[in-house]
Each structure stands twice: as C-alpha cells, then as structure tokens.
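Examining the three-dimensional arrangement
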Amino acid sequence: MTDYLIYRMMHLLTILITTTTLCLATNTIITLPGGRIQGGTNKDAHFWLNIPYAKPPVNELRWRPPSYPASMWNGTRDARKQGYACLGPKILHALTDGGGREDCLTLNIYAPLVSPPMENALAPVVVFIPGGGFLAGDSSGDGMYDCSKLASRTNTIYVVLQYRLGAFGFLAAPEINPENDDVIARLGLLDQRAGLQFVRDNVHLFQGDKDQVTLWGQSAGGGSVLLHLALEASWDFFHRVVSESPYFAPTGAASLTSESRWTRAKIQANALVSAVGCGGSDTNTTQLGECMRSIPPHTINDALKVNQEMLFLFEAPDANFYPLWSTNQNQRLRPNTPVLMGNNMNESTLLSTMLHPEMLLPTSEKELKDAVIHLWGENRSGMILNHYNEQIDGANNVAFFSAVSDACINCPLRRWRQRLLLEGGAANTSNVYQYVFDAMSMSKLGVQHAAELPLVFNHEYMLLTKEVKELSLQMVEMWNLFDKTGDPNGGVLSNVSWPKSSASNKVMLFRGNRSHVIADPFVRCFVWEE
C-alpha cells in the first residue's frame, strides 16, 4: 500500500470521526430512558431545560422521598423552555411571590457547541444547586444560572437542578410519613441526590463524564453540597465540591444542637398541621398523612404566614425550613474530596433594605443590644456584644451585620473547613482551598451575599468595569481548573499561587482585577463555637 493511499485512508477516517463527533455535539434531540427530548441552541451552547429527574411529588408522593426515575412520556418532550419553580412560601413582602408548582423536580443541562477532543471524548460535568434559604430559588435564577457562556468558555457540561422547598421539602412532621422517620425534614436533599443520580445515569448522552462530576452550590446550595459530603449515600455521584457562602439554618438556630432545632421545628410543623385543619388528639398517623396529602398545595403555602421578619435572621414561627435531623449526626466525610469554599466580605447586608429597619439598622448601643438579645437571647448577648460593638466595628449597624454574617455563614464555613482539615489531614488528603470575595461592592452595603454570582457565571452584561470583567475571567478559570483537576492553580490569567488551607489560615482574596493571598480576616468565630 502506497504512502498516498495510507494518507487518504487516514484522512477519510479523520473526517468520519470528526463528523460523528460533531453530530453527537450538535444533535439536540436526546433519547433518555423516559423518552425523547428536544433541546435548543444559542450562540454559546446547546441547552435542554425542564428535564424531569423523578416522578412528580404530588398526591400520595407528597412528603415522601423522591421516586426515581421520572415517569416515561410519549412523543418528544419540548426542552427549550424553562419550567416552573418548586412551590415555596411568600417571603420578603412577596419579593418572592410563593409561586411555582409541586411538580417541579427538573433540571437544566448546558453543553458546549464544540465536542471534546477525541482523546478525551467526554467532557467534565458540573452540577449547580441554587440557593434561596431553602425557601426560594429555582434552576433559572431569573437568568443568573444560565450556564451557556460557561459551557462555551470552559468546554464543560453544566447541570442546574431544583428541589422541593419550604414545608414541602423540609417539614419536621414524621407522623405524616412514619415509615421514613425524620427524613421528611430533609426531602430537599434527597431530591438533590436523585438529580445527581440522573446525572450519573444519563450525562453520557450529552457527552458528559459521569466519573468527573463537581458538585457546586451557593447559599442554601452551598450548604447543601457540604451536607452531601456527610451523606454517604450521595458519595458515588460526585468527586469534587465548590461551596460559595454556605447557608445551613436561620441565624438564631445556628448554634443550637440538632435536638433543640428538631424540637422547635416540630412545634412549627404542628402549627401548620392545625392551620390547615388536620391533626387533633384522636387522629392517627394514617389519617394525618391522608389529610395533609389531600390539602391543595397553595392552601398549605398560604397557611405559612412568612413575612419580612425571617429568612437568614429571624425565628418567625412559620419560617424555619432547612435540613434537619432528630439527633446529632457524626457522620464521617467523603474521603479524598477536593473542596473549594469561601464567603463574601459583607454577607448579611443583602437584607438591610428588605427587613425590619429597627432590628436591622441599630444606630444606638441600646438598639444593638436589643437586636442581639432578640436573635441570640439574654444569656449569650454579653459575650457577643463584647466582640461586636461600635468601638471594634466602627458603627453599631456594622457590628450587627458582622455578627449576623459570622453566625450564619462565615463561621459555620470555617467549622466545616476545620473538620475537612482534621479528617483529611489524618490521611494527608486535605485539598481544601478557601477564598474571601471582596469585589462588586454596593455603596454602604459592601460586598453582600451573592455578589460573586455574576462573576463566576461570567455574565458580562452585569460586569460594568474592565477590572471586574478581568476578575471574572480569573475566577472562571480557577473554578474550572478546580472542576477538572481538584486544584485551582496553573491557569494563565493569574500568577498567584492559591495555597491549600492549613493551620496558617491563608485564603485567596478576590478584589479589584487581581487576587492575592492573605491571612483569614474573619477571626471572631470563637464567639460562635457550639
């Protein structure tokens, strides 16, 4: 055989392989086990929206663990439009209006237009879990969670899933579902796990690698991804974790034991049961479950009198929905798991213009004291006020915001970091990278909760200065390197080495158009030790 014929055969083979690969990448009709879906294409990516990953949790499936997989459907399902959010309570004077549906266990997938190289035919996968205080949030985020640009820039498959919220996902009422005990108070986490199982079973159909999955979340999603580290049944579905500003529980409950939280949450659940006309001293568990499952979902939602005095800060009677266990848990963490985690400089100021100003903007020493007692009680107020006050923080309202931020997000994150270091250190596997985000400051509010999202999602239309756009590219590159390798170092846009977390408490500070390493600036976490 002549060299020319060999060349021609190799050339034709290359064309065949390339054509096959591109067909796989550009065909937006995908056949799933449940049926076919028709996706769409924009200038950056292919996308498939509103894909069901479990059966609708309605009627007899309400307040039960998710039923995986989803029901089958006939024909081709249109996956080009965003679906309904999960039903959640009205909060913050209806800034979140309590809309949505119970039939909401769906996810969105974004894939790059160009296929991965042939030597690595499957692309890495990132699964994003949205935040919203376990009360709000969906897979769209009003466009914030559109991963088209990320998929294009990083050649990665992105999945965004939504899960049950509020009383539908985190109700401490085991009597409704006695066969599953206290799991009813963390059904939202089980929904997330079912979504991860869908990814493991099906992402190859979108040219994603099920053996290279990063679990990424922000706020309640950031808390969720850390909790999955401690849930062994979730371990097979992911390999790395990114947690931004993790939220676990309302501020006043942050330092309570699991038993105390459970007791308070059961009181709240009983109040809801009574409010919708179920329960009573002569009602058995079967009757209670039947009654609660017969109530229209919006009737349940409307019975939750959640107003502005809640969410991260306040312990309103109907507002405390978050993952709960009836007893303290001491599960070991997933071994050998790289973790990238961090917080923003001024987490709690996001709520300052939304909630009760007399409680959130204390201008005098007395108002500060009253606010602290309201949240943490008389017994703890002295210790807190000794370390958060006008003399230390410069103003009473700044002291209050700092205390709330530390109690709710900053210090729980650092407790998780310490636990990761202790467990990983024993096996010399503590690949933990920590950051503090200090860009996108908003006037007196500073760098508030969720300020980093436009940067890490690379939404250029929201980035108004050249330096912020440059910082966004740096962060996207570092996040993507971590997603692919477990190490954010080695990129071309930053010449700063990001050290692993250790006893020295070094963190990466993102500020301006550059990043640099500093000592951890949050040093008052001893006040909030459990």
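Keep in mind the model is a prediction, meaning the values are calculated, not measured.

Quick notes on the overall build of the protein chain
- In terms of regular secondary structure, the protein chain is built from 15 helices and 14 strands.
- Residues classed as buried in the protein chain amount to 56% of the 530 residues present.
- Here the analysis covers contacts within the protein chain between residues at least 6 apart in sequence; of these, 74% occur between residues at least 24 apart.
- Summed over all atoms, the accessible surface of the protein chain reaches about 22,000 Å², with 54% contributed by carbon and sulfur.

A look at helix α11 (residues 378-387)
- Ser381, Ile384 and Leu385 are the residues of α11 that are buried. Projection of α11 onto a plane perpendicular to its axis shows the buried side chains occupying an angular sector of 95 degrees, all on one side. When the buried face of α11 is taken as reference, the exposed residues oriented beyond 90 degrees from it are Asn379 and Asn386.
- Packing partners of the buried residues in α11 comprise α10 (365-376).

Here's the deal with the sheet that holds strand β4 (residues 45-52)
- Strand order in the open sheet made by the 11 strands is β3-β4-β6-β8-β7-β9-β10-β11-β12-β13-β14, with mixed pairing throughout. Bordering the open sheet on either side are β3 (40-41) and β14 (514-519), each of which pairs with just one other strand.
- Two elements, β4 and strand β6 (residues 106-112), share 6 bridges in a ladder whose sense is antiparallel. Looking across to β6, one finds that Pro52 is bridged to Thr106.
- Helix α15 (residues 466-485) contacts β7 (123-129), β8 (157-161), β9 (208-218), β10 (240-244), β11 (339-344), β12 (432-437), β13 (506-511) and β14 of the sheet and is inclined by roughly 150 degrees relative to β10.

Notes on the state of the cysteines
- The tally for this structure, following the rule as stated, stands at 3 disulfides.
- Residue pairing for Cys86: its cysteine sulfur links by disulfide to Cys104, the two sulfurs lying 2.0 Å apart. Looking along the S-S bond of the Cys86-Cys104 disulfide, the torsion reads about 95 degrees, which is the right-handed sense. With Cys86 in the loop between β5 (76-78) and β6 and Cys104 in the loop between β5 and β6, the pair connects residues that are 18 residues apart, well separated along the chain.
- Given the relative accessible area of 1%, Cys104 is considered buried.

So, the pairing of β7
- Most of β7 is tucked away, with 7 of its 7 residues classed as buried.
- Where β7 lies against β9, 6 bridges are found, and the strand directions are parallel. Across the sheet, the residue bridging to Val127 is Leu215, located in β9.
- The sheet contact formed by β7 and β8 spans 4 bridges and is parallel. Paired with Val125 across the bridge in β8 is Ile157.
- Handedness of the crossover is the feature at issue here: the chain leaves β7, passes through helix α2 (residues 148-154), returns alongside β8, and the resulting connection is right-handed.

Digging into the sheet that holds β5
- As summarised here, the arrangement of the 3 strands in space is β1-β2-β5, forming an open sheet in which the pairing is mixed. If you trace the sheet from one side to the other, it starts and ends with β1 (29-32) and β5, each paired once. Going across the sheet, the axis of each strand differs from the next one's by a mean of 30 degrees, ignoring polarity.
- In this structure, β1 lies alongside strand β2 (residues 35-38), joined through 4 bridges in antiparallel fashion. Residue pairing in the sheet places Ile30 in a bridge with Ile37 of β2.

Let's talk about helix α5 (residues 220-229)
- Burial analysis of α5 places 10 of its 10 residues in the buried class, the great majority of the element.
- Regarding α5, the residues found buried are Ala220, Gly221, Gly222, Gly223, Ser224, Val225, Leu226, Leu227, His228 and Leu229.

Examining the packing of helix α4 (residues 187-202) against α5
- Between α4 and α5, the least distance of the axes is 11 Å, while the angle of their chain directions is 75 degrees. If you check the angle between α4 and α5, you find them roughly perpendicular. Of the residues in α5, those in contact with Leu189, Gln192 and Arg193 of α4 are Ser224, Leu227 and His228.
- Per-class residue counts for the contact of α4 with α5 are 2 nonpolar, 3 polar and 1 charged.

Comments concerning the pattern of salt bridges
- Taken as a whole and assessed by the stated rule, the structure comprises 18 salt bridges.
- Between Arg332 and Glu232 there is a salt bridge, with its nearest N and O atoms 3.8 Å apart. One end of the pair, Arg332, is in the loop between α8 (297-303) and β11; the other, Glu232, is in the loop between α5 and β10, with 100 residues separating them in the sequence.
- Residue classification places Arg332 among the partly exposed residues on the basis of a relative accessible area of 47%.
- The shortest N-O distance in the salt bridge between Lys366 and Asp370 comes to 2.8 Å. With Lys366 and Asp370 both in helix α10 and 4 residues apart, the pair spans about one turn of that helix.
- Among the residues examined, Asp370 registers a relative accessible area of 35% and is labelled partly exposed.
- Connected through salt bridges with shared partners, the residues Arg414, Arg417 and Asp520 form a single ionic network.

Let's talk about the confidence of the model for the protein chain
- On average, residues of the protein chain score 85 in pLDDT, and 84% of them are at 70 or above.
- For residues 1-26, every residue scores under 50 in pLDDT, and the model assigns this stretch 14 contacts once sequence neighbours within four places are set aside.
- pLDDT under 50 marks residues 307-318. Its contacts with residues more than four places away, or in other chains, come to 55 contacts.

Notes on the packing of α10 against α11
- Following both chains from N to C, one finds α10 and α11 inclined at 130 degrees, their axes separated by 8 Å at the closest point. The pairing of α10 with α11 is recorded here as oblique in orientation. For the element pair α10 and α11, the recorded crossing hand is right-handed. Contact residues: α10 offers Leu368, Lys369, Val372, Ile373 and Trp376, while α11 offers Glu378, Arg380, Ser381, Ile384 and Leu385.
- The residue inventory of the contact of α10 with α11, partitioned by class, reads 6 nonpolar, 1 polar and 3 charged.

Procedures and definitions
- Residues numbered from 1 in each chain as written.
- Predicted model: local features only at pLDDT ≥ 70, side-chain atom pairs only at ≥ 80, totals over all residues.
- Heavy atoms only, no water.
- Helix = DSSP H or I, 4+ residues; strand = E, 2+ residues; numbered from the N terminus.
- Buried < 20%, exposed > 50% of the residue type's maximum accessible area, 1.4 Å probe, protein only.
- Contact = heavy atoms within 4.5 Å.
- Areas by Shrake-Rupley, 256 points an atom, 1.4 Å probe, with all protein chains shown as cover.
- Arc of directions from axis to C-beta.
- Pairing = 2+ DSSP bridges.
- Axes fitted to C-alpha atoms, helices over the stretch in contact; angles between N-to-C directions.
- Disulfide = S-S within 2.5 Å.
- Right-handed = clockwise from strand over helix to strand, strands pointing away.
- Parallel < 35°, antiparallel > 145°, perpendicular 65-115°, else oblique.
- Nonpolar A, V, L, I, M, F, W, Y, C, P; charged D, E, K, R; others polar.
- Salt bridge = Lys/Arg side-chain N within 4 Å of Asp/Glu carboxyl O.
- pLDDT = per-residue confidence, 0-100.
- Left-handed = near helix turned anticlockwise from the far one by under 90°.

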